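Commentary on secondary and tertiary structure
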Amino acid sequence: MPHRSLRGDATRADAADPLAAHRDAFVGAETSLVYFDGNSLGRPPRATAARLSRFVSEEWGGRLIRGWDESWMDLPFAIGDRIGRVALCAASGQTVIGDSTTVLLYKLLRAALDFQMVADPERVEIVVGRDDFPTDRYLVEGIAAERGARLVWVDVDTTRGVDADLLDAAVSRRTAVVLLSHVSYRSGFLADGTELTAIAHRAGALVLWDLCHSAGSVPVELDAWGADLAVGCTYKYLNGGPGSPAFAYVAERHQGTLVQPVQGWMGAADVFSMGPVYRPADGMRRFLSGTPPVLAMIAMQDTLDLLEEAGITAVREKSIALTEFALRASDALLTPLGVRLASPRDPAERGGHVTLSHPAMRAVTARLWRQDVIPDYRDPHGLRIGLSPLSTSFAETLTGLEAVAAAVRAES
Ligand SMILES: Cc1ncc(COP(=O)(O)O)c(C=O)c1O
Ligand SMILES: Nc1c(O)cccc1C(=O)C[C@H](N)C(=O)O
């Protein structure tokens, strides 16, 4: 009776889970809806409604324009430093909240490429994975056209991501910048940050990490890796809300030399002197451009509180336990129906989501959404199961996978 023992195991795993109580901190955890998409948009923490309301009445409503001097100008750096400390193992003064992920990737990629091409005119190549998230691929195409750079595409199996062997073969003394996904949006493949950074550095390249599917879910150690640059979303595992602004990391050693191309007044040396020409600020301020989206960066602080309390090591332990349990349930319930695993089986190579492949998965996803079971679908034939360590339970995971099995049967 594999099914029954799975239910018993889910109940026991929830009872033994040291992070189980955190689930109640999220809106909707009390309902029967199964949420497998926290890796696209995390659930709202319950504390966020009061935090936002307080901000509107007391800070925005009470302090009005004085709020900028009193705290808002500093907020992108204060929250950035917190993300650095809690989720990225980055010393303070290197992480800032800015624009969208897409815009920050553009700004940092351009800054790194321009720096490299001036230092050595033969370094004109950008290395990027052929299967990376669309915004990453489209950006490098645009930047290459803008700057006369060349793209080196790393071909990747859709069930994995760029690994050490593939990167080693792609870089050379012509490589200026390598853009890497730490956790692949499609397969959940988890890259080795230390090893890949070292490979890029041996070739003389700078590395820009896309941490969208890592931050708040798997440990990231930017300073220890020797990373140069990183960008990541805050609306996934950091629960910042739809469209909450991204963070950017620039290693301290690069902050005096890299100059980003969107030269707005908020990145200038003396913002309110409003001088005749742009002079980039020192430190991380130069990576800002316009007025910081203060309202949109308020909510993520609630999840930073939870993460700080839980610790990223415990979060990773739960994440591995959840994905291992999901694979066991999938082997029992879905493999007999012809569903294939499209993620690494080794937990050391897997982030917080798993992808299950079957020709019917597009229709399966639509059917599941109508039943309040919410995974997402990514080509080719992939059902992505996002398991947020702070808000997903083992019982919810099993209920969702049982629903997937019924939907595959109905759509096959
Ligand atoms: C890996 C990855 N990179 C970049 C993005 C783009 O982020 P945004 O739409 O916030 O600019 C996303 C998610 O949308 C993503 O998953
Ligand atoms: N950013 C998104 C959005 O604005 C709408 C719908 C989905 C998203 C996503 O986050 C997609 C996600 N990054 C992915 O990995 O597919």
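Keep in mind that this is a model prediction, so the values were computed, not measured.

1. Here's the deal with the overall build of the protein
- Of regular secondary structure, the protein possesses 13 helices and 13 strands.
- Taking 22 Å as the expected radius of gyration for a compact globule of 412 residues, we find that the protein reaches 22 Å, a close match to that expectation.
- In terms of its C-alpha atoms, the protein occupies a principal-axis envelope of roughly 75 × 55 × 35 Å.
- For the protein, contacts bridging at least 24 residues in sequence account for 72% of all contacts bridging at least 6.

2. Looking at helix α13 (residues 394–411)
- When the terminal C-alpha atoms of α13 are compared, their 26 Å separation across 18 residues agrees well with the 26 Å that a helix rising 1.5 Å per residue should span.
- Within α13, burial applies to F394, E396, T397, L398, G400, L401, A403, V404, A405, A407 and V408.
- Where α13 begins, the side chain of S393 points an oxygen toward the backbone nitrogen of E396, at a separation of 3.0 Å.

3. Topic: helix α6 (residues 134–147)
- The end-to-end C-alpha separation of α6 is 20 Å, in line with the 20 Å expected for 14 residues at 1.5 Å each.
- Listed as buried for α6 are T135, D136, R137, L139, V140, I143 and A144.
- Looking at the buried residues of α6, the elements they touch are α5 (101–119), β3 (125–129), β4 (150–154), β5 (175–181) and β6 (206–210).
- At the C-terminal side of α6, G148 shows a positive phi close to 70°.

4. Some points on the site of ligand 1
- Neighbouring ligand 1 are the residues S100, T101, T102, F133, T135, D136, D210, C212, H213, Y235 and K236.
- Here an oxygen atom of ligand 1 sits 3.5 Å away from a polar atom, N or O, in the main chain of T101.
- Against a free-state accessible area of 390 Å², the protein chains account for coverage of 83% of ligand 1.
- Secondary-structure elements contributing two or more residues to the shell around ligand 1 are α5 and α6.
- Among the residues making up the shell around ligand 1, the classes are represented as three nonpolar, five polar and three charged.

5. Points about the UniProt feature "domain: Aminotransferase class V" (unreviewed entry) in the protein
- Here the UniProt-annotated "domain: Aminotransferase class V" (unreviewed entry) positions come out as residues 124–356.
- Between the end C-alpha atoms of residues 124–356 the distance is 38 Å, and the span holds 29% helix and 15% strand.

6. A word on the sheet that holds β5
- Strand order in the open sheet made by the seven strands is β2-β8-β7-β6-β5-β3-β4, with mixed pairing throughout. At either end of the open sheet lies a strand with only one pairing partner, and these are β2 (95–97) and β4. The sheet shows a mean angle of 20° between the axes of neighbouring strands, direction not considered.
- Note: β6 against strand β7 (residues 229–232), three bridges, orientation parallel.

7. With respect to the side chain of D132
- Take D132: it is sitting in the loop between β3 and α6.
- Although D132 is buried, it makes no salt bridge; R137 carries the closest opposite charge, 6.8 Å away.

8. As for the environment of I126
- Looking at the element boundaries, I126 is found in strand β3.
- On the accessibility criterion, I126 (0% relative accessible area) is buried.
- Separated by 22 residues in the primary sequence, I126 and L104 place their C-alpha atoms 17 Å from one another.
- Ignoring any residue separated from it by four or fewer positions in sequence, one finds I126 in contact with L109, L113, V140, I143, A149, R150, L151, V152 and V177.

Reading the values: the criteria
Residues numbered from 1 in each chain as written. Chains lettered and ligands numbered in written order. Predicted model: local features only at pLDDT ≥ 70, side-chain atom pairs only at ≥ 80, totals over all residues. Heavy atoms only, no water. Helix = DSSP H or I, 4+ residues; strand = E, 2+ residues; numbered from the N terminus. Rg over C-alpha atoms; globule rule 2.2 N^0.38 Å. Contact = heavy atoms within 4.5 Å. Expected span 1.5 Å × (residues − 1). Buried < 20%, exposed > 50% of the residue type's maximum accessible area, 1.4 Å probe, protein only. Polar contact = N/O pair within 3.5 Å; in protein donor to acceptor, adjacent residues only side chain to side chain. Near = heavy atom within 4 Å. Areas by Shrake-Rupley, 256 points an atom, 1.4 Å probe, with all protein chains shown as cover. Nonpolar A, V, L, I, M, F, W, Y, C, P; charged D, E, K, R; others polar. UniProt positions renumbered as here; feature names shortened; annotations may be inferred. Pairing = 2+ DSSP bridges. Axes fitted to C-alpha atoms, helices over the stretch in contact; angles between N-to-C directions. Lys, Arg positive; Asp, Glu negative; His and termini not counted. Salt bridge = Lys/Arg side-chain N within 4 Å of Asp/Glu carboxyl O.

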